[in-house]
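# Geometric and topological summary
One-letter residues, chain by chain:
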Amino acid sequence: MRPDEWIPILATLNEKRESCVLLTVLEEKGSVPRDSGSKMVVTRSQTYLTIGGGNLEFQCIATARELLSTPQARPDIRRFNLGATLGQCCGGMTTVLFEPLVLPQPQIVVFGAGHVGQALVAILATLPCHVFWVDERPEQFISVPPSVTICPLDDPTEQVERMPPDSYFVVMTHHHPRDLTLCEAILKRGDARYFGVIGSKTKRQRFDYRLAGKGFTAAQLETMRCPVGLPDVKGKLPAEIAVAIAGDIIATYSVPKVLA
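Every value quoted in this text rests on a predicted model; they were computed, and no experiment measured them.

Before going further, it helps to spend a moment on the pairing of strand E1 (residues 20–29). Examined bridge by bridge, E1 and strand E5 (residues 93–101) share nine bridges and lie antiparallel to one another. Each bridged residue has a counterpart across the sheet, and for Glu-28 the counterpart in E5 is Thr-94. Alignment of E1 against strand E2 (residues 39–42), held across four bridges, turns out to be antiparallel. Among the inter-strand pairings, Leu-23 is bridged to a residue of E2, identified as Met-40.

All right, on to the packing of aromatic side chains then. Under the defined criterion, the tally for this structure stands at two aromatic pairs. Relative to Phe-141, the ring of Trp-133 has its centre 5.2 Å away and its plane inclined at 80 degrees; by these criteria the two rings are edge-to-face. Taken together, a centroid distance of 6.0 Å and an interplanar angle of 15 degrees make the contact between Tyr-168 and Tyr-194 stacked. Of this pair, Tyr-168 sits in strand E9 (residues 168–171) while Tyr-194 sits in strand E10 (residues 194–197), and the two are 26 residues apart along the sequence. Each member of the pair, Tyr-168 together with Tyr-194, is buried. Here the guanidinium or amino end of Lys-39 rests over the ring plane of Trp-6, the centre of that ring lying 4.9 Å away.

What follows deals with the packing of helix H3 (residues 115–124) against helix H8 (residues 238–253). Look at H3 against H8: their axes get within 8 Å of each other, and the N-to-C directions meet at 45 degrees. As summarised for this structure, H3 and H8 are arranged oblique, according to the angle between their axes. Here the hand of the crossing between H3 and H8 comes out right-handed. Note on element contacts: H8 touches H3 through Pro-238, Ala-239, Ile-241, Ala-242, Val-243, Ile-245, Ala-246 and Ile-249, opposite His-115, Val-116, Ala-119, Leu-120, Ile-123 and Leu-124. Here the residues of the contact of H3 with H8 sort into 13 nonpolar, one polar and no charged.

A few words now on the side chain of Ser-19. In this structure, Ser-19 sits in the loop between helix H1 (6–15) and E1. Reaching out from Ser-19, the side chain makes a polar contact with the backbone nitrogen of Leu-103 at a distance of 2.9 Å.

Here the focus is the packing of helix H5 (residues 176–189) against helix H6 (residues 201–213). Packing of H5 against H6 leaves a shortest axis separation of 11 Å and a crossing angle of 55 degrees. Classified by the angle their axes make, H5 and H6 are oblique. Classified by chirality, the crossing of H6 by H5 is right-handed. On the side of H5, the interface is formed by His-176, Asp-179, Leu-180, Cys-183, Glu-184 and Leu-187, while H6 contributes Lys-203, Arg-206, Phe-207, Arg-210 and Leu-211. Among the residues forming the contact of H5 with H6, the class breakdown is five nonpolar, one polar and five charged.

Conventions we followed
- Residues numbered from 1 in each chain as written.
- Predicted model: local features only at pLDDT ≥ 70, side-chain atom pairs only at ≥ 80, totals over all residues.
- Heavy atoms only, no water.
- Pairing = 2+ DSSP bridges.
- Helix = DSSP H or I, 4+ residues; strand = E, 2+ residues; numbered from the N terminus.
- Phe/Tyr/Trp six-rings, centres within 6.5 Å; stacked < 30°, edge-to-face > 60°.
- Buried < 20%, exposed > 50% of the residue type's maximum accessible area, 1.4 Å probe, protein only.
- Lys NZ or Arg CZ within 6 Å of the ring centre and 35° of its normal.
- Axes fitted to C-alpha atoms, helices over the stretch in contact; angles between N-to-C directions.
- Parallel < 35°, antiparallel > 145°, perpendicular 65-115°, else oblique.
- Left-handed = near helix turned anticlockwise from the far one by under 90°.
- Contact = heavy atoms within 4.5 Å.
- Nonpolar A, V, L, I, M, F, W, Y, C, P; charged D, E, K, R; others polar.
- Polar contact = N/O pair within 3.5 Å; in protein donor to acceptor, adjacent residues only side chain to side chain.

In short, geometric facts, not functional conclusions.
Encoded structure:
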């Protein structure tokens with residue numbers, strides 16, 4: 001293994017926005033499978049490089065994945081005696097540094113399971129994000145990807161309240177009054193990272209008028225993207241609209257948020 005082989009691995013994972021843990025052997029005493037400085041990279045589903053194999057590596061992978069599932073995990077140092085209790089025959093001792101490199105993944109909620117909603121969720125499910133799919137009609141959830149959380153709620157505004165700050169909201173239900181209610185709930189939060197509503201420019205004007213009548217300012221209404229999606233992606237087919245919206249979401253989460 002080249003000393004710098006781990007660098008392009010981290011670069012690739014960073015481009016994919018995939019969280020990982022970087023393992024480094026800090027110290028070794030006696031007979032050990034790898035020298036100090038040896039590195040390994042562990043994601044939720046893959047491992048790269050090695051720190052020696054065997055039960056030591058098995059336990060280190062388990063520890064790394066435990067850190068990946070721990071909110072705000074911090075670097076940790078573990079010491080391992082490579083004797084009978086660890087199932088190793090080396091007999092030495094090694095110290096391993098675990099460095100969680102966690103990239104925050106977008107939390108996206110899609111309201112509406114019509115044709116466009118189905119096409120959009122199918123795309124979002126392939127991206128590094130957490131998707132919540134909301135509709136009061138359970139029968140509409142067709143071909144749900146395993147990574148998507150379905151939320152068959154009679155009152156979809158409950159999901160608005162459940163989402164963390166900086167969430168992504170896409171409103172595209174089959175009922176305009178419900179869209180308006182959701183828009184009001186999202187605007188009241190005031191902390192959306194992305195807020196899009198499917199519809200025409202006429203729908204936008206109508207919603208602006210009604211929401212302004214409820215006390216929302218022009219600056220607040222500016223945070224609502226309607227029509228939603230990249231304007232340069234044309235077409236009215238569900239797949240075409242879904243691509244435009246997904247592209248707009250990707251463009252948003254690919255740009256670091258500027259803190260005031």
